[in-house]
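# Descriptive structure summary
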Amino acid sequence: MIDGGKNMEKIRIQDDLFHHVNQEKIDELVIPDDMPQIGGFNTLHTEVEKLMIDEFNQMSESKDYPDVYLERACLLYSEIKNIKKREKYGIKPVLKNLSVINKLTSIRSFNNKLADLVINRMPLPFSIGVDVDMKDTNKHCVIIQGPSVILPDAYYYKPEMAQQKDAILGVWAHMAKMILAETKLSEEDQAKYIQDTLAFDSILGNLVKTSEEWSEYVNMYNPMKTSKVHSMLKPVNFKRLLNNLFGFEPEKIIVAEPRYFKAFKEVFNENTFELYKHWAYVKEIVSSTSLLSEKLRDAGFADMMRLATATAKELAVKAEIGEGVAEKVIEAAGQGRTDAAAHIGQRVAVFVIFKFLVGHCTRTTIGVIFHRICNWQIFRCQGIRNWDFCGGCSIV
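This one's a predicted model, so the numbers in the text were calculated from it and none came from an experiment. (Residues numbered from 1 in each chain as written. Predicted model: local features only at pLDDT ≥ 70, side-chain atom pairs only at ≥ 80, totals over all residues. Heavy atoms only, no water.)

A word on the overall build of the chain. A count of helical and extended segments in the chain gives 20 helices and six strands. Counting all 396 residues of the chain, 45% fall into the buried class. Of the contacts made within the chain by residues no fewer than 6 positions apart, 66% connect residues no fewer than 24 positions apart. As presented, the chain carries roughly 21,800 Å² of accessible surface, and 52% of it is formed by carbon and sulfur atoms. (Helix = DSSP H or I, 4+ residues; strand = E, 2+ residues; numbered from the N terminus. Buried < 20%, exposed > 50% of the residue type's maximum accessible area, 1.4 Å probe, protein only. Contact = heavy atoms within 4.5 Å. Areas by Shrake-Rupley, 256 points an atom, 1.4 Å probe, with all protein chains shown as cover.)

This is the structure in structure tokens:
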């Protein structure tokens, strides 16, 4: 335990245990400005990353590769660094996938293309994969679960979190609008796609598991007969999908989210198909921005970056999204700790912002946003293992 020393007179243990114990050490130690955290694993990661970059640069310049695999890796590395080429292609690389989604005119056409959609990792109303059987590690099993939602935790979709949810989704919608503006969609279609995406996301948010539910790991093991799962997933032709992917039908399927799949017919049907299609389109293009031109990559992070560098008033001007939206975001992230719901709201709002910031701005800038709009303590101390969104951090 660290001796609080002179700080013990300023901060009483009953007021702030963390600072009472650690303040003196916090004052001495510094996290590098270009890193969100520091610790043994972070230092190791940074050193390995620098070593790999140096070696890749050397091999790429000398054209001397130990084997064909590293040659291909260096080729990919060079492509990633070629900013001019990415600028030249702009949005074109993702248009092929978007075209596939646009051609889905009905559930029948969806079923015809489903295996290809799975293989190409396109947004689907469910995910399917293969993993080790938890009760017999000598075998593998097919697992299905629901899709991810826009916000990082399904708890955020509960009625009591409506204010925070709407604020953050408002920022996300603005970001999506900026990206869709680069497509050939009309302004009316862009608005329609975003509206439908949010509508479909709302359906998902009320059914998929929260982070707390996922933490109960054993509860994801729900083996069901393939025939029953096939019935649950209608109108999806699940048996046909299994045969196309694996060449046979397994006897059982592990259903990780029973609640979601029991209501699947309400999620995916003829009436909701257009919502799904537009959701898939928007989700595909937004998730692809980091691989496209700098303009699109920046658009994918624009709103969250503005949050990091502006006060609420400055945000309203610079982001051009209106003071009302800015104030809602600030309110969502800085909600008082008067009850559990507000507390969760803080965590989720900050997680959304933090997720967009890491790797895209300096440690100092991240500190600025948390101090300005969240009014939480960001501790500049060495040996941090992780950030605690409840208002502190853990010390190695």
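Moving on to the pairing of strand β4 (residues 252-255). When strand β2 (residues 136-145) meets β4, the two strands line up parallel, connected through three bridges. Along β4, the bridge assignment pairs Ile143 with Ile254. Across three bridges, strand β3 (residues 223-225) lies against β4 in antiparallel orientation. When the bridges of β4 are listed, Lys225 appears paired with Lys252. (Pairing = 2+ DSSP bridges.)

Bringing the environment of Asn243 into the picture now. With respect to the helices, strands and loops of the structure, Asn243 is situated in helix α12 (residues 238-246). According to the relative accessible area criterion, Asn243 is partly exposed, its value standing at 34%. Note: C-alpha distance between Asn243 and Ala115 (128 residues apart in sequence) is 9.3 Å. If we skip the residues at most four places from it in the chain, Asn243 touches Phe248 and Glu249. A distance of 2.9 Å separates the side chain of Asn243 from the backbone oxygen of Lys239, its partner in a polar contact. A distance of 3.1 Å separates the side chain of Asn243 from the side chain of Glu249, its partner in a polar contact. (Polar contact = N/O pair within 3.5 Å; in protein donor to acceptor, adjacent residues only side chain to side chain.)

Moving on, we get to the packing of helix α3 (residues 40-62) against helix α4 (residues 68-81). Closest axis-to-axis distance for the α3/α4 pair is 10 Å, and the angle between their directions is 100 degrees. As far as their axial angle goes, α4 and α3 are roughly perpendicular. Along the contact surface, α3 presents Ile53, Phe56, Asn57, Met59 and Ser60, while α4 presents Leu70, Ala73, Cys74, Tyr77, Ser78 and Lys81. (Axes fitted to C-alpha atoms, helices over the stretch in contact; angles between N-to-C directions. Parallel < 35°, antiparallel > 145°, perpendicular 65-115°, else oblique.)

Another aspect to go through is the side chain of His278. As for its placement among the helices and strands, His278 is situated in helix α15 (residues 273-288). With a relative accessible area of 7%, His278 lands in the buried category. In this structure, His278 is in contact with Lys192, Tyr193, Asp196 and Thr197, ignoring residues within four places of it in sequence.

With that settled, the discussion passes to the nonpolar core. Of all hydrophobic cores here, the largest spans 68 residues; its most connected members are Phe110, Ile128, Ile144, Trp172, Phe238, Phe261 and Tyr276. At nine residues, the largest contribution of residues to this core is made by α15. Not counting chain neighbours up to four residues away, the residues in contact with Phe261 comprise Phe126, Ile144, Gln145, Gly146, Met232, Leu233 and Val255. Counting residues in hydrophobic clusters, the runner-up holds six residues, among them Cys141, Ile143, Met220 and Tyr221. (Core = buried A, V, L, I, M, F, W, Y, C linked by side-chain atoms within 4.5 Å.)

So, about the sheet that holds strand β1 (residues 127-133). The sheet built from four strands is open, its strands ordered β1-β2-β4-β3 with mixed pairing. Only two strands of the sheet have a single partner each, and these edge strands are β1 and β3. The average undirected angle you get between the axes of adjacent strands in this sheet is 40 degrees. Sitting on the sheet, α12 is in contact with β1, β2 and β4, with an inclination near 60 degrees to β1.

What follows concerns helix α9 (residues 187-205). Taking 1.5 Å of rise per residue, 19 residues should cover 27 Å, and α9 covers 27 Å from first to last C-alpha, within 8% of that figure. Where α9 is concerned, the buried positions are Gln190, Tyr193, Ile194, Asp196, Thr197, Phe200, Asp201, Leu204 and Gly205. (Expected span 1.5 Å × (residues − 1).)

For any two aromatic rings, the description comes down to two numbers: the centre-to-centre distance and the angle of the planes. Under the defined criterion, the tally for this structure stands at 15 aromatic pairs. Residues Phe126 and Phe264 carry aromatic rings whose centres are separated by 6.2 Å and whose planes lie at 75 degrees to one another, so their mutual orientation is edge-to-face. Here Phe264 lies in helix α14 (residues 264-267) and Phe126 lies in the loop between α7 (107-119) and β1, a separation of 138 residues in the sequence. Centre to centre, the rings of Phe273 and Tyr276 are 6.1 Å apart; their planes meet at 50 degrees, and the pair counts as tilted. Of the two residues, Phe273 and Tyr276 both sit in helix α15, three residues apart, roughly one turn of that helix. Both residues of the pair, Phe273 and Tyr276, belong to the buried class. (Phe/Tyr/Trp six-rings, centres within 6.5 Å; stacked < 30°, edge-to-face > 60°.)

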